[in-house]
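# Chains, contacts and geometry: an overview
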Amino acid sequence: MFDLETLCGWINEKKDIGGIVFLTVVPDNGIKPIVAVCKKGRNPEVWKVAKKLKIGSAVRIDGQYAETQISKKGLEFIPCKIVVVSEMSEEKIPIDFSGKTPFLLDTKLDYRYLTLRLPRERAIFIIRSEILKLAREWFYKNGFIEVHTPKLCGAGAEGGATVFELNYFEKKAYLAQSPQLYKQMLMSGLEKVFEITPYFRAEKFSTTRHLNESWGIDMEVGFIDNEEDIMRLLEDLIVHLVEGLAERCSKELKILNVKLKAPEKPFPRIKYDEVLEILRRRGVEIEWGEDLGDREEKILGEEMTKSGIDFYFITKYPWKVKPFYIMRENYLSRSFDLDCKGLELASGGQREHRINELVNNMLEKGLNPKDFEFYLEAFRYAMPPHGGYGLGVERLMMKLLNLENIREAILFPRDRWRLVP
Ligand code: AMO
């Protein structure tokens, strides 16, 4: 007796050369194609089914892997039974399952479920799943607990103008722009928390690096000395993610033509003033106190790449460009951004935990402390010094996997023009 394997998947390619039909299937949740070799001489029943099969149909195949593997397309498989579980009924299929004909990004996003039948697209989402698994592992190993904060909020999350407003019975509500206020409030009761969460932002951008619904890996830690404590934790997580992916996702990375090498710790810390100096040397002047935009980030990224550095922190930002909750040090702030090859992946810092200072910060940013009473209340009961960060999942994937458009990193992107599928 010999053991039979059962594979489930869709027919991506079919080559009929008379007495032999070759079927290419990417089975289960894997990425390695198998080539089912259906020979008339060996099994006329299987051959007959294979001959009639339509590309795209869902099948269950029983059989065995061939003892000698010749095909370069995938693992050769000798079927003894093929069951058509669901037949492809559409005559016109919007994508080429062989992967030979490229498709537009819009086609990919409209038919995401179909493109997931292709190894390359599948690899991206297997890696996404592994990133979140690795992140959870890192947080648990380091004594964090996972929390979930509300996504329906009564106040515009960080006081910014980029929130989605909706009707909540007789009141207005807002979709959470980030877990910021809630993760900070938790610092009055817990020491280390993390959340993997969607962010909703009503920005009208139409760029390759913005989404209106994106996912963040957020954390907050109490009893810290300064923002350096947070940067150390973030760089440690990044190294863990890169090392973990290189180890666990080698097949997926190979398909995407990506070689990952863990960055060295500590990542360089570049002060905002130094960034202005680097920009000046490249002929770009920005006024002290202005935020760094896309162009500035890209130029800095190019300079860092020249020195062989992918990940770097930008520190000592002017307080003026940072939100009210960030701790102020005269005209500077205890904040940082983590950039990679010219793109901001995360931002964070030490927060203002002293209520009087916090209220002053709000007033200075033109916010009304009354709107944030529920948040300020948590600062009245011995709130410890604390800090944290928010790391963008899709942006991290863009940089790790060399994806040109952020929409490639999320299954069903939400942007200015896309609300379905
Ligand atoms: P920030 O607004 O910088 O900080 O967001 C944190 C990170 O989230 C990602 N991100 C986005 N990705 C895609 N599309 C968007 N529209 C988008 N907006 C943000 C970025 C960014 O670096 N509360 C703070 C974090 C903190 O201090 O803990 C915050 O939200 O990668």
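Above this note sits the structure.
A short tour of the structure in this document, coming up.

Conventions we followed
Residues numbered from 1 in each chain as written. Predicted model: local features only at pLDDT ≥ 70, side-chain atom pairs only at ≥ 80, totals over all residues. Heavy atoms only, no water. Helix = DSSP H or I, 4+ residues; strand = E, 2+ residues; numbered from the N terminus. Buried < 20%, exposed > 50% of the residue type's maximum accessible area, 1.4 Å probe, protein only. Areas by Shrake-Rupley, 256 points an atom, 1.4 Å probe, with all protein chains shown as cover. Near = heavy atom within 4 Å. Polar contact = N/O pair within 3.5 Å; in protein donor to acceptor, adjacent residues only side chain to side chain. Salt bridge = Lys/Arg side-chain N within 4 Å of Asp/Glu carboxyl O. Phe/Tyr/Trp six-rings, centres within 6.5 Å; stacked < 30°, edge-to-face > 60°. Lys NZ or Arg CZ within 6 Å of the ring centre and 35° of its normal.

## What about the overall build of the protein chain?
- Scanning the protein chain from N- to C-terminus turns up twelve helices and 18 strands.
- Projected onto the principal axes, the alpha-carbon positions of the protein chain cover approximately 85 × 55 × 40 Å.
- The burial tally for the protein chain puts 51% of its 421 residues in the buried class.
- In the structure as shown, the protein chain presents an accessible area of about 21,000 Å², 52% of it carried by carbon and sulfur atoms.

## Examining the site of the ligand
- Of all residues adjacent to the ligand, which total 24 residues, the nearest are Gln180, Lys183, Arg201, Glu344 and Ser347.
- The contact in question runs from a nitrogen atom of the ligand to an N or O atom on the side chain of Gln180, over 2.6 Å.
- Contact between the ligand and Tyr325: a nitrogen atom at 3.3 Å from a side-chain N or O atom of the residue.
- Elements with a minimum of two residues in the shell around the ligand: helix 5 (180-185), strand 17 (343-350) and strand 18 (386-392).
- Broken down by element, the shell around the ligand gets its largest block of residues, five residues, from strand 17.

## Comments concerning the pattern of salt bridges
- Summed over the entire model, instances satisfying the criterion amount to 43 salt bridges.
- With a closest N to O distance of 3.4 Å, Arg295 and Glu296 form a salt bridge.
- With relative accessibility at 9%, the residue Glu296 sits in the buried group.
- Within the structure, one salt-bridge network assembled from shared partners comprises Lys108, Arg112, Arg120, Glu121 and Glu408.

## As for the packing of aromatic side chains
- The final tally for this structure, using the stated rule, is 19 aromatic pairs.
- Between Phe313 and Phe336 the ring centres are 5.4 Å apart and the planes differ by 85°, which places this aromatic pair in the edge-to-face class. Of the two residues, Phe313 sits in strand 13 (residues 311-315) while Phe336 sits in strand 16 (residues 335-340), which places them 23 residues apart along the sequence. Both residues of the pair, Phe313 and Phe336, count as buried.
- With centroids separated by 6.0 Å and ring planes inclined at 85°, the aromatic side chains of Phe324 and Tyr375 adopt a geometry described as edge-to-face. One end of the pair, Phe324, is in the loop between strand 13 and strand 14 (328-329); the other, Tyr375, is in helix 11 (residues 373-377), and 51 residues separate them in sequence.
- Ring-pair connections join several aromatic residues into one group, and the members of that group are Trp138, Phe139, Tyr140, Phe144 and Phe194.
- Geometry around Tyr317 places Lys322 over its ring, the cationic atom sitting 4.2 Å from the centre.
- The side chain of Lys365 reaches across the aromatic face of Trp319, ending 4.0 Å from its centre.

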